[in-house]
Amino acid sequence: MANEIVETKAIEQVSDSLYKGVSDIIDNARQEVVVYVNKHSDLMFWHIGHYINEDMGYKQYSAYGSKILATLSQRLTARYGKGYTYTAVTR
């Protein structure tokens, strides 16, 4: 009976240690993914803004340019979902 108790405690300790180690690996990987995605999301939006500025130049502030950007926003939202509102596109 005493041996079973000792063995059960040893199993629990190994199990706890294994759980913590695997949990740490998962948590670290998730954090790296978040950092990677945020970095590349920021770069993507910078490239979008740069492309719009290069392509449209001063026209983006005219009524004509505003209509083009509104249309662009609607089309991007239809294809890619949230995140491409007029405000987001014109920031």
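Residue numbers restart at each chain and count upward from 1, following the sequence in its written direction. Where local features are concerned, this predicted model is filtered to residues with pLDDT of at least 70; where side-chain atom pairs are given and counted, the filter is 80 or more; whole-chain, interface and lining totals use all residues. Hydrogen atoms and water are omitted, and side-chain values are computed over all heavy atoms in the structure.

Asks: How should the pattern of salt bridges be read in this particular structure?
Replies: Any two side chains of opposite charge can pair if their charged atoms end up close together. Every case where a carboxyl oxygen of Asp or Glu lies within 4 Å of a side-chain nitrogen of Lys or Arg is listed as a salt bridge. Within the structure shown, the criterion is met by one salt bridge. Of the charged contacts, one joins Lys20 and Asp24 as a salt bridge, the two residues approaching to 2.9 Å between their closest N and O atoms. Taken together, the residues Lys20 and Asp24, both in helix 1 (residues 2-56) and four residues apart, mark about one turn of the helix. Each helix is a run of DSSP H or I of at least 4 residues and each strand a run of E of at least 2, with the numbering of both proceeding from the N terminus.

Asks: Before we go on, may I ask you to explain helix 2 (residues 63-80) in this structure?
Replies: Given 3.6 residues to a turn, an α-helix orients residues that are three or four positions apart in the same direction. With 18 residues, helix 2 should reach 26 Å at 1.5 Å per residue; the first-to-last C-alpha distance of 25 Å fits that figure. Classification of residues uses two cut-offs on accessible area relative to the type maximum, computed with a 1.4 Å probe and protein chains only: under 20% is buried, over 50% is exposed, and between them is partly exposed. Every buried residue of helix 2 is listed here: Gly65, Leu69, Ser73 and Leu76. Axial view of helix 2: buried residues confined to an arc of 80°, hence all on one face. The exposed set on the far side of helix 2, more than 90 degrees from its buried face, consists of Ala63, Tyr64, Lys67, Gln74, Arg75 and Ala78. The span you would expect from a helix comes to 1.5 Å times its residue count less one. To be clear, the arc concerns the directions from the helix axis to the C-beta atoms.

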